[in-house]
There are 2 protein chains.
Amino acid sequence: MYDVAIIGSGPAGISAAINLKVLGKNFIWLSNGEVSKKLTQAERVKNYPGLPDVTGGELAWTFRNHTDVMNIKLCEEVITGVYDTGDKFTLLAGEREYEARAVILCTGVEAGKPIEGEDEFVGRGISYCATCDGQLYKDKTIAVLCTDKKFEHEVEFLAELSKRCYVMPMYRGYEIKSPKAEIILKNPVKFSGGMRLNTVAFKDGSVEVDGVFILKGSFSPSTLVHGLRTQNGHIEVSRDCSTNIAGIFAAGDCTGRPYQYAKSVGEGNVAAHSAVEYLAKTKHNV
Amino acid sequence: MYDVAIIGSGPAGISAAINLKVLGKNFIWLSNGEVSKKLTQAERVKNYPGLPDVTGGELAWTFRNHTDVMNIKLCEEVITGVYDTGDKFTLLAGEREYEARAVILCTGVEAGKPIEGEDEFVGRGISYCATCDGQLYKDKTIAVLCTDKKFEHEVEFLAELSKRCYVMPMYRGYEIKSPKAEIILKNPVKFSGGMRLNTVAFKDGSVEVDGVFILKGSFSPSTLVHGLRTQNGHIEVSRDCSTNIAGIFAAGDCTGRPYQYAKSVGEGNVAAHSAVEYLAKTKHNV
């Protein structure tokens, strides 16, 4: 059990991690990959005080060097859900679970919105985890929406155990090796069904399925945390970075504009301090 | 007339200045001195992302180097009041005035609270500016509360023109040269009077005066800006760093805890962006 779990390795997550370390907390820092792509791809950053003129890559290196110097480890995991389990939170990462008394969400902003029906059918035909739920669809017909090459081994695993497997790769240059994978080069626009999902619709046409796997590295906040209050895709936070759920804090782009490194770093700092205050207030025998 | 006036040269003010420069705005950056004392006196700072282990002095230098590289000039002025004058704000600095369409307050936190009665008698016997109001007290009895050696020439100026001048230096090693200055080594605890101030009270005893000069470099936000909403000495701001007065924004320690460099830098960034948005919305023929 950790004091705090941080999700995300952009500037907000880095700042939160540095502060929790300085504050002597027992925390885990989770992310679906290295420092945010958006950061490393920025051409030039001139308004992060203290570093007058750096590329995004240099800024990312400088930030990560700070966590390295402090011996803070990043744990690469795709977190698919955060659940309030009484006096703690349980974070699911495939078949693994992490437990923490407080959570700081630094998940950035999603490039795309959830697909229509996605939130509605989660757990009723839509799954985000091949290894967790694959066996439920043995010899059944499934669709797999794959957003990144790194998930192709999971696509192959699902294709092999299914009766029929439609695969929609959402990127160029896919190399899915299973002969059972039926590639569909269309974007799904809607998931529908009754009690359970049974149809994946495209702009033209649709397929009937027993289930859908969406393999992606990041989730909209409302998909990730049930009951989290959002507005226009941004997590609603107070000045102290607390959300509507006690013990869950948010920082960085996921809380809204301006999308700025300094703003993210500032909120990471505030969220860390607020989480520590929350822990002190709710202290109990662990 | 400037687009924006920034008051304060701590991390929040520096961040606001850098961002307004990047955003191409016409602004003035005012401060009663160099980068905040509190910053330069910090022993070690380990939680400002990107600079893993620096002294306060090094961090201050690094921040100021950033503004130097961008050719941003700091204008040394003690601002004694900010007044809403229609579609702009007027900032008083002794006998000089500055005008700006928006203001960002980065004034830090006061070490001391205002003295009882101070806010009440401003303009009715209490003055912050020797050169502006000195002549009003020619051949009268005044008290001068001097908080810093650098104001001693103003004390001497006031002593010379007054009939009688009680001087309370609030620091060690004063060198006030006027023979007319009657030094009182006590802290005033209360200002009182009727329509106008007439008494300065100490813990033991009091003196009768026609007016009081308080010579200091920084002011509580509510003294500085009439009508500004504060709570426990902190300026109340929304998530976008706006205050209750349209066009006035605040960032850094003056908005409340945690008192942290990263938090201040983040808010300076947000306040700059919000000020620019405000300018765009209220655009008129200037």
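Computed from a predicted structure; not experimentally measured. (Residues numbered from 1 in each chain as written. Chains lettered and ligands numbered in written order. Predicted model: local features only at pLDDT ≥ 70, side-chain atom pairs only at ≥ 80, totals over all residues.)

Q: Can you tell me about the overall build of chain A, naming the residues and giving the values?
A: Scanning chain A for helices and strands turns up eight helices and 17 strands. Judged by the C-alpha coordinates and their principal axes, chain A covers about 55 × 45 × 35 Å. For chain A, contacts bridging at least 24 residues in sequence account for 58% of all contacts bridging at least 6. (Helix = DSSP H or I, 4+ residues; strand = E, 2+ residues; numbered from the N terminus. Contact = placed C-beta atoms within 7 Å.)

Q: Residue-level account of the domain arrangement of chain A, with values.
A: Interfaces are often sized by the amount of accessible area the parts lose when they come together. Residues and elements named next belong to chain A. If you check the domain split of chain A, you get domain 1 (2–110 + 219–281) and domain 2 (118–215). Taken together, the contact between domain 1 and domain 2 spans five residues of the former and six residues of the latter. For the side of domain 1 that touches domain 2, a count of residues per class yields no nonpolar, four polar and one charged. (Domains from an automatic or database assignment. Nonpolar A, V, L, I, M, F, W, Y, C, P; charged D, E, K, R; others polar.)

Q: Could you give an account of unusual backbone geometry, naming the residues involved and the relevant values?
A: With omega at -5°, the peptide bond leading from R257 of chain A into P258 of chain A counts as cis. Positive phi is not limited to glycine here, since D139 of chain B has a value of about 60°. Mapped onto the elements, D139 of chain B comes out in the loop between α5 (130–133) and β8 (141–146).

Q: Provide a residue-level description of the environment of T282 of chain B, including the pertinent values.
A: Inspection of the secondary structure puts T282 of chain B in the segment after α8 (261–281). Taking C-alpha positions, T282 of chain B is 28 Å from V78 of chain B, a pair spaced 204 residues apart along the chain.

Q: Please give an account of the sheet that holds strand β13 (residues 206–208) of chain B that cites residues and values.
A: Residue and element names in this part refer to chain B. One open sheet accounts for three strands, arranged β11-β12-β13; its pairing is antiparallel. Only two strands of the sheet have a single partner each, and these edge strands are β11 (190–193) and β13. Pairs of neighbouring strands in the sheet enclose a mean axial angle of 25°, with direction left out of account. Across three bridges, the pairing between strand β12 (residues 197–201) and β13 is antiparallel. What sits directly across from A201, in β13, is S206. (Pairing = 2+ DSSP bridges. Axes fitted to C-alpha atoms, helices over the stretch in contact; angles between N-to-C directions.)

Q: An account of the interface of chain B and chain A is needed here, citing residue identities and associated values.
A: Listed as interface residues are 30 residues of chain B and, on the opposing side, 30 residues of chain A. Listing elements by their share of the side of chain B that touches chain A, those giving two or more residues are α1 (11–22), α3 (56–69) and α8 of chain B. Top contributing element to the side of chain B that touches chain A by residue count: α8 of chain B, with eight residues. Looking at side-chain class alone, the side of chain B that touches chain A contains 15 nonpolar, 11 polar and four charged residues.

Q: Please provide a residue-by-residue account of the relation of the copies chain B and chain A, values included.
A: When chain B is fitted onto chain A, the two copies agree to an RMSD of 0.0 Å after a turn of 180° and an axial shift of 0.0 Å. Taken together, the rotation and translation relating the two chain copies correspond to the operation of a two-fold axis. Minimal C-alpha separation from the rotation axis in chain B is found for G266 of chain B, amounting to 2.2 Å. (Least-squares fit on C-alpha atoms with pLDDT ≥ 70 in both.)

Q: Provide a residue-level description of the packing of helix α1 (residues 11–22) of chain A against helix α3 (residues 56–69) of chain A, including the pertinent values.
A: Residues and elements named next belong to chain A. Remark: α1 packs on α3, axes separated minimally by 10 Å, with the N-to-C direction vectors making an angle of 25°. Viewed along their axes, α1 and α3 adopt a mutual orientation that is roughly parallel. Between α1 and α3 lies a crossing whose hand is left-handed. Touching P11, I14, A17 and I18 of α1 are F63, H66 and T67, all from α3. Residues that form the contact of α1 with α3 fall into these classes: five nonpolar, two polar and no charged. (Parallel < 35°, antiparallel > 145°, perpendicular 65-115°, else oblique. Left-handed = near helix turned anticlockwise from the far one by under 90°.)

Q: Before we move on, can you summarise the nonpolar core with the specific residues and values?
A: Core analysis: the biggest nonpolar cluster contains 107 residues, and A5, I6 and I104 of chain A together with A5, I6 and I104 of chain B have the highest contact counts within it. For this core, the element with the highest residue contribution is helix α8 (residues 261–281) of chain A, accounting for nine residues. Leaving out residues up to four positions away in the same chain, I6 of chain B has contacts with G13, A16, A17, F27, W29, L30, I104 and C106 of chain B. (Core = buried A, V, L, I, M, F, W, Y, C linked by C-beta atoms within 7 Å. Buried ≥ 20, exposed ≤ 12 C-beta atoms within 10 Å, placed from the backbone.)

Q: Give a description of the sheet that holds strand β10 (residues 181–183) of chain A that names residues and reports values.
A: As summarised here, the arrangement of the five strands in space is β7-β14-β8-β9-β10 (chain A), forming an open sheet in which the pairing is parallel. Lying at the two open borders of the sheet, with one neighbouring strand each, are β7 (126–127) and β10 of chain A.

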